[in-house]
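Close look at the chain arrangement
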There are 2 protein chains.
Amino acid sequence: MSEAIRCIALSGGIGGAKLALGLSLEMDPAGLMVVANTGDDFEHLGLSISPDVDTLTYTLGGVANTETGWGRADETWSFMGALAEVGGETWFNLGDKDLALHVERSRRLAAGETLSAITADVADRFGIAANIVPMSNEKVRTVVAARNGERLDFQDYFVHRQAAPEIAGLTFAGAADARPNGEFLAALSALSLKTVVICPSNPLISIDPILVLPGVRNALAACPAPVIAVSPIVGGRALKGPTGKMMQELGMTCSAKGVAGHYGGLLDGYIIDEADGDLAAAIDCPVRVAATVMTDLDDRRALARTVLEFAAELAAGPSGSQVSAR
Amino acid sequence: MSEAIRCIALSGGIGGAKLALGLSLEMDPAGLMVVANTGDDFEHLGLSISPDVDTLTYTLGGVANTETGWGRADETWSFMGALAEVGGETWFNLGDKDLALHVERSRRLAAGETLSAITADVADRFGIAANIVPMSNEKVRTVVAARNGERLDFQDYFVHRQAAPEIAGLTFAGAADARPNGEFLAALSALSLKTVVICPSNPLISIDPILVLPGVRNALAACPAPVIAVSPIVGGRALKGPTGKMMQELGMTCSAKGVAGHYGGLLDGYIIDEADGDLAAAIDCPVRVAATVMTDLDDRRALARTVLEFAAELAAGPSGSQVSAR
């Protein structure tokens with residue numbers, strides 16, 4: 001990492017990648033570190049697949065499929081059709097272009113390279129100036145304990161079973177022994193750091209795997225820069241995916257307040273949607289109300305500006321009010 | 001193998017597959033065993049690739065690219081383009097559909113299945129009634145000794161270097177310890193067997209790897225059915241690929257007679273092209289002169305009929321003439 005990091009974004013896939021793209025356009029991207037969840041990673045068809053790292057790479061590289069939020073634009077699907085013909089498993093969709101990254105990464109991992117080195121090299125090839133950093137080079141795997149007693153690998157639950165099984169708990173296999181990425185820890189304690197933003201990703205499956213890594217919570221608490229989360233819940237509903245369903249099944253309230261409660265004392269600031277303005281007073285840290293639904297690139301950039309400005313205000317000292325208008 | 005095998009074809013890729021297709025249409029295909037060279041197999045991009053097995057599978061399955069002779073029809077190439085983007089090696093062309101077979105086979109091999117079991121299952125899925133049998137389930141790898149002292153893996157020599165280096169010799173690493181496929185050996189000694197045909201494949205790199213497997217030469221010599229080769233050399237030139245160049249570099253004469261000399265006492269009959277009719281008298285076994293250039297499906301079927309009829313004549317006893325007209 002040649003540049004001093006000024007902003008760290010903790011991110012899952014789609015929603016996080018949208019904000020990361022906005023941030024990369026609203027600041028010097030070389031000063032942005034996007035720490036990617038790897039709890040969703042899995043081995044499939046003999047390949048090592050890192051969905052959140054890839055969504056970030058494709059989004060920041062300008063080749064993402066903006067309709068789906070995952071995978072590549074102008075994709076073809078010949079491989080999947082032929083895989084069905086030869087009897088392979090087809091429940092996880094892999095486009096022909098997307099596949100190239102999985103094949104090449106699997107080859108390089110097998111040759112002994114680290115996920116972070118491969119990720120940085122691929123980002124460089126896509127012309128990405130921001131730093132995409134897998135949360136750890138060691139294997140962490142989210143495991144779903146279903147209410148019926150089944151234990152499901154994450155992608156089996158999430159994609160194959162379409163998040164239908166009711167969940168009783170989540171565990172992160174390997175997390176207790178996994179070292180967080182060294183560049184991530186170094187950036188957290190660097191004087192250059194101005195902001196840590198927890199992206200509007202699923203807190204349970206995209207952010208928690210990062211937070212449970214040894215030392216990360218302490219480093220975030222000790223970090224001089226403000227830690228700000230953006231709520232992934234708008235008007236009591238998740239914008240995408242089963243976040244709400246999962247929160248409810250685990251006994252949490254599916255609301256912006258519920259997410260803030262989940263992050264607890266970690267937050268120095270919290271950004272909630274205009275639809276949730278009435279919740280601001282009930283949240284235990286400074287709140288900024290903003291338009292958080294990112295439909296187009298302007299939305300992504302506007303939310304990124306809100307994050308950076310809010311962080312600057314929080315760093316400058318208490319404003320005298322928990323709620324500041326835009 | 002539920003049916004008794006009546007014809008065994010020893011085959012490499014393109015030329016062999018053409019004749020194998022003809023045979024499968026001119027006889028009960030369940031009685032046809034095509035023994036595929038696996039000396040060309042290699043590990044590339046972390047995948048296990050079996051070019052000759054695949055060419056046979058695609059050809060007999062009716063999905064081959066008839067323009068190139070290898071790969072699949074109606075193929076797309078998104079993977080290769082994206083592989084170049086992420087810095088992968090692109091000297092070996094892998095179509096998006098073709099890739100599915102490599103990925104699925106690699107997964108199944110890693111899970112402990114044999115190449116022959118996977119090949120049979122895939123053939124079944126493509127509706128192939130003939131039996132495609134890899135020559136061995138153990139690893140045999142053709143290695144090229146170049147005249148300049150380099151040792152080159154076969155595909156590195158053949159595809160990456162486009163067969164340009166002058167060769168001093170060929171070795172088949174692993175062959176001395178590799179067991180020939182058990183079904184192949186069993187079929188060779190079965191009473192049902194009527195013909196063994198050595199397809200018009202490159203004798204040095206497609207047929208020799210089969211012949212050098214322990215026990216194969218003896219089993220062919222002991223086999224009661226006639227062993228017939230079809231010359232891959234027509235009018236002193238190979239129809240495809242560097243067969244002629246390789247023969248000359250190894251001190252052989254590039255002619256139908258040169259190939260017969262290479263197979264030596266193994267042959268009970270030899271089929272040469274009409275262009276080479278003048279060589280018939282100089283060949284040390286019964287010769288059939290025929291049109292061996294297979295341009296369309298009719299050519300493939302006609303040559304297959306010639307093989308089967310010639311075998312029947314040879315089995316019936318000496319004809320009194322080395323050369324019999326069609």
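Rules and cut-offs
Residues numbered from 1 in each chain as written. Chains lettered and ligands numbered in written order. Predicted model: local features only at pLDDT ≥ 70, side-chain atom pairs only at ≥ 80, totals over all residues. pLDDT = per-residue confidence, 0-100. Least-squares fit on C-alpha atoms with pLDDT ≥ 70 in both. Contact = placed C-beta atoms within 7 Å. Pairing = 2+ DSSP bridges. Helix = DSSP H or I, 4+ residues; strand = E, 2+ residues; numbered from the N terminus. Axes fitted to C-alpha atoms, helices over the stretch in contact; angles between N-to-C directions. Buried ≥ 20, exposed ≤ 12 C-beta atoms within 10 Å, placed from the backbone. Nonpolar A, V, L, I, M, F, W, Y, C, P; charged D, E, K, R; others polar.

1. A word on the confidence of the model for chain A
Looking at chain A as a whole, its pLDDT mean stands at 94, while 96% of the residues score no less than 70. The ipTM assigned to the predicted complex is 0.90, against a pTM of 0.91.

2. Some details on the relation of the copies chain B and chain A
For the pair chain B and chain A, the superposition axis carries a translation of 0.0 Å, the fit reaches an RMSD of 0.0 Å, and the rotation angle comes to 180°. Both copies of the chain, as the preceding transformation shows, are related through a two-fold rotation axis. Closest approach to the rotation axis within chain B is made by the C-alpha atom of Asp96 of chain B, at a distance of 3.0 Å. Mapped onto chain A, 100% of the interface residues of chain B are again interface residues, and the two copies thus contact each other with one and the same surface.

3. Quick look at the sheet that holds strand β6 (residues 141–146) of chain A
Residues and elements named next belong to chain A. Sheet architecture is open: three strands sit in the order β7-β6-β8, paired in antiparallel fashion. Where the open sheet ends on each side, the last strands, each with one partner, are β7 (151–153) and β8 (167–173). Neighbour-to-neighbour, the strand axes of the sheet open up by a mean angle of 30°, direction not taken into account. Pairing of β6 with β8, which is carried by six bridges, proceeds in the antiparallel orientation. Bridge pairing links Thr142 to Phe172 in β8.

4. Quick word on the sheet that holds strand β7 (residues 151–153) of chain B
All names here are of chain B. Reading across from one edge, β7-β6-β8 is the order of the three strands in this open sheet, with antiparallel pairing throughout. Two strands in the sheet have a free side with no partner beyond their single neighbour: β7 and β8 (167–173). Between one strand axis and the next, the sheet turns by 30° as a mean value, whatever way the strands run. Looking at chain direction, strand β6 (residues 141–146) and β7 are connected through three bridges and run antiparallel. Residue pairing for β7: Val144 is matched across the bridge by Leu152.

5. Side note on helix α2 (residues 51–60) of chain A
Residue and element names in this part refer to chain A. In terms of residue burial, α2 counts as a mostly covered element, since ten of its ten residues are buried. Listing the buried residues of α2 in full gives Pro51, Asp52, Val53, Asp54, Thr55, Leu56, Thr57, Tyr58, Thr59 and Leu60. Directly after α2, the chain includes Gly62, whose backbone phi takes a positive value near 75°.

6. With respect to the interface of chain B and chain A
Residue-level contacts link 24 residues of chain B with 24 residues of chain A. Contributing elements (two or more residues each) for the side of chain B that touches chain A: α3 (78–85), α4 (96–110) and α5 (115–125) of chain B. Counting residues per element, the side of chain B that touches chain A draws most heavily on α4 of chain B, which supplies ten residues. Here the residues of the side of chain B that touches chain A are counted per class, giving eleven nonpolar, six polar and seven charged.

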